[in-house]
Amino acid sequence: MIVMSIARRHLAVLVALPLALTGCASASGADDGTVDVMASFYPLQFVAEQVGGDRVSVRSLTPPGAEPHDVELSPAQVSRIDGADLVVYLSGFQAAVDEALAQTSPAHVVDAATDTTLRPEEHKDESADEHEDHDHGDVDPHFWLDPSRMPEVVEDVAATLTEIDPEGADTFAANAAALTEQFENLDATYATGLEQCDSRTFVTSHEAFGYLADRYGLHQVGISGLDPEAEPSPARLAAVEKIVRDEGVTTIFFETLVSPKVAETLAADLGVDTAVLDPIEGLADPDADYVTIARDNLDALRMALSCS
């Protein structure tokens with residue numbers, strides 16, 4: 001995990017000029033005295049909110065219901081990054097966020113990237129032939145779908161918030177401990193729930209679930225690779241069809257923030273069911289959160305894999 005603390009500087013001229021023209025004031029922290037936190041997308045927003053509690057004001061750079069991979073930032077958002085007390089992001093996941101951080105210097109930055117996000121070969125589907133849509137060599141960023149990896153982010157966010165707001169140290173420590181316990185309980189629930197299953201192969205619209213599959217001994221087959229917008233080739237579709245038939249797959253999963261058309265068409269052609277498996281990249285339901293979505297995912301997997 002990478003944690004950086006660097007001095008603020010003014011925005012580059014190319015960012016400041018449009019702000020001046022539109023009359024936007026630069027951000028300088030939360031007006032209510034709380035720690036001003038910018039999170040790049042939902043799972044990191046969830047951690048910052050849970051650890052910070054009432055002592056932080058957290059905003060996400062990815063709007064609710066938006067697909068985070070291709071997010072674009074306005075000049076005002078870049079300005080808020082520069083003025084934030086803390087930015088929590090995942091390097092290499094959202095190009096616009098990486099570019100904004102290269103232009104600016106928020107007071108503190110927590111980068112949730114770890115060495116474990118740099119081994120895409122671990123999640124490669126060996127049961128289907130490689131093809132140009134599938135073998136693109138991208139880093140798999142979806143570590144948050146393995147709840148056992150989340151406490152490391154919790155620890156770093158708590159430590160950085162304590163550096164920013166020492167008076168809140170006890171609050172941050174208590175909140176971090178409670179959140180870590182939630183992730184540990186969720187991990188245990190997944191391990192138990194997926195221990196005894198008739199099948200261990202699941203098919204998804206794109207390969208967001210490699211870390212989850214690795215953690216719980218499952219086999220992920222993605223119709224597309226790591227890019228949710230990539231169109232699968234005819235060869236890839238044929239390979240997935242063969243896996244579905246050979247392994248008796250009963251369900252093809254699609255996700256909430258991307259069109260389900262390909263998954264639904266393939267399922268209809270093969271006479272199997274469809275269901276949602278949410279990569280927890282953003283919230284489609286404002287009443288949901290990371291934990292409730294993860295539990296819904298577990299229920300969906302248990303149903304599809306006939307787990308006892």
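The text that follows walks through the structure, step by step, so that each part is easy to find. For clarity, every value in this text was computed on a predicted model and none was experimentally measured.

## What to know about the overall build of the protein chain
And then number 1: On a plain count of helices and strands, the protein chain comes out with ten helices and nine strands.
And then number 2: Counting every position in the protein chain, which comprises 308 residues, the buried fraction comes to 52%.
And then number 3: A sequence separation of at least 24 residues applies to 65% of the contacts in the protein chain between residues at least 6 apart.
And then number 4: Surface accessibility of the protein chain: about 13,700 Å² in total, with carbon and sulfur atoms responsible for 50%.

## Structural notes on the packing of helix H8 (residues 234–247) against helix H9 (residues 261–270)
And then number 1: Remark: H8 packs on H9, axes separated minimally by 11 Å, with the N-to-C direction vectors making an angle of 50°. Here H8 lies oblique to H9, going by the angle between them. Of the two possible hands of crossing, H8 and H9 adopt the one that is right-handed. Contacts between H8 and H9 involve Leu237, Val240, Glu241, Val244 and Arg245 from the first element and Val262, Leu266 and Leu270 from the second.

## What about the pattern of salt bridges?
And then number 1: Taken as a whole, this structure holds six salt bridges when the rule is applied.
And then number 2: Here aspartate 146 makes a salt bridge to arginine 149, at a shortest N to O gap of 3.2 Å.
And then number 3: For arginine 215, the salt bridge identified is with aspartate 187, shortest N-O distance 2.7 Å. Of this pair, arginine 215 sits in helix H7 (residues 210–216) while aspartate 187 sits in helix H6 (residues 169–193); the two residues are 28 residues apart in sequence, bridging distant segments of the chain.

## Here's the deal with the packing of helix H2 (residues 42–52) against H6
And then number 1: Running from N to C, H2 and H6 cross one another at 130°; their axes reach a closest spacing of 7 Å. Considered as vectors, H2 and H6 are oriented oblique to each other. Residue-level contacts link Phe46, Val47, Gln50, Val51 and Gly52 of H2 to Thr171, Phe172, Asn175, Ala176, Leu179, Gln182 and Phe183 of H6.
And then number 2: Residue composition of the contact of H2 with H6, by class: seven nonpolar, five polar and no charged.

## What about unusual backbone geometry?
And then number 1: Even without glycine at this site, isoleucine 280 takes up a positive phi of about 55°.
And then number 2: Residue placement: isoleucine 280 occurs in the loop between strand E9 (273–276) and helix H10 (290–304).
And then number 3: Although it is not a glycine, serine 306 sits at a positive phi angle of roughly 55°.
And then number 4: Considering the arrangement of structural elements, one finds serine 306 in the segment after H10.

## Considering H2
Working note: α-helix, 3.6 residues per turn, so residues spaced by three or four point in the same direction.
And then number 1: Judged by how many residues are buried, H2 sits mostly within the fold: nine of eleven residues are covered.
And then number 2: Looking at H2, one finds that the buried residues are Tyr42, Pro43, Leu44, Gln45, Phe46, Val47, Ala48, Val51 and Gly52.
And then number 3: In this fold, the buried residues of H2 make contact with strand E2 (35–39), strand E3 (56–60), strand E4 (86–89), helix H5 (150–164), H6 and H10.
And then number 4: Within two residues after H2, glycine 53 carries a phi angle of roughly 60°, on the positive side.

## Observations regarding the pairing of strand E6 (residues 201–206)
The side chains of a regular strand alternate between the sheet's two faces.
And then number 1: Burial analysis of E6 places six of its six residues in the buried class, the great majority of the element.
And then number 2: Read from E6 through H7 to strand E7 (residues 219–224), the crossover connection turns out right-handed.
And then number 3: Bridge count between E6 and strand E8 (residues 251–254): two bridges; the pairing is parallel. What sits directly across from threonine 204, in E8, is phenylalanine 253.

## Things to note about a negative patch on the surface
And then number 1: Together, Asp70, Glu72, Glu99 and Asp227 make up a region of like negative charge exposed at the surface.
And then number 2: Secondary-structure assignment places glutamate 72 in the loop between E3 and helix H3 (75–83).
And then number 3: In this structure glutamate 72 comes out as exposed when scored by relative accessible area, which is 65%.

## Quick look at the packing of aromatic side chains
And then number 1: In total, this model carries ten aromatic pairs according to the counting rule given.
And then number 2: Geometrically, the ring pair formed by phenylalanine 202 and phenylalanine 209 is edge-to-face, given 6.4 Å between the ring centres and 80° between the ring planes.
And then number 3: Given the relative accessible area of 1%, phenylalanine 202 is considered buried.
And then number 4: Joined through ring pairs, the aromatic side chains of Phe41, Phe93, Phe143 and Trp144 make up one cluster.

## A word on the sheet that holds E6
And then number 1: The four strands lie next to each other as E7-E6-E8-E9, forming an open sheet whose pairing is parallel. One side of each edge strand has no neighbouring strand; the edge strands of this open sheet are E7 and E9. Strand-to-strand, the axes of this sheet are offset by a mean angle of 30°, without reference to chain direction.
And then number 2: With four bridges joining them, E8 and E9 adopt parallel strand pairing. Bridge pairing in E9 links threonine 251 to aspartate 273.
And then number 3: Together, E6 and E7 form the strand contacts of H8, whose direction differs from that of E7 by roughly 145°.
And then number 4: Taken strand by strand, H10 contacts E6, E8 and E9, and its axis lies near 160° from that of E8.

About the cut-offs
- Residues numbered from 1 in each chain as written.
- Predicted model: local features only at pLDDT ≥ 70, side-chain atom pairs only at ≥ 80, totals over all residues.
- Heavy atoms only, no water.
- Helix = DSSP H or I, 4+ residues; strand = E, 2+ residues; numbered from the N terminus.
- Buried < 20%, exposed > 50% of the residue type's maximum accessible area, 1.4 Å probe, protein only.
- Contact = heavy atoms within 4.5 Å.
- Areas by Shrake-Rupley, 256 points an atom, 1.4 Å probe, with all protein chains shown as cover.
- Axes fitted to C-alpha atoms, helices over the stretch in contact; angles between N-to-C directions.
- Parallel < 35°, antiparallel > 145°, perpendicular 65-115°, else oblique.
- Left-handed = near helix turned anticlockwise from the far one by under 90°.
- Salt bridge = Lys/Arg side-chain N within 4 Å of Asp/Glu carboxyl O.
- Nonpolar A, V, L, I, M, F, W, Y, C, P; charged D, E, K, R; others polar.
- Right-handed = clockwise from strand over helix to strand, strands pointing away.
- Pairing = 2+ DSSP bridges.
- Patch = residues over 30% accessible without salt bridge, like charges linked within 9 Å, V, L, I, M, F, W, Y side chains within 5 Å.
- Lys, Arg positive; Asp, Glu negative; His and termini not counted.
- Charge placed at Lys NZ, Arg CZ, Asp CG, Glu CD.
- Phe/Tyr/Trp six-rings, centres within 6.5 Å; stacked < 30°, edge-to-face > 60°.

Purely geometric stuff here, so don't read any function into it on its own.
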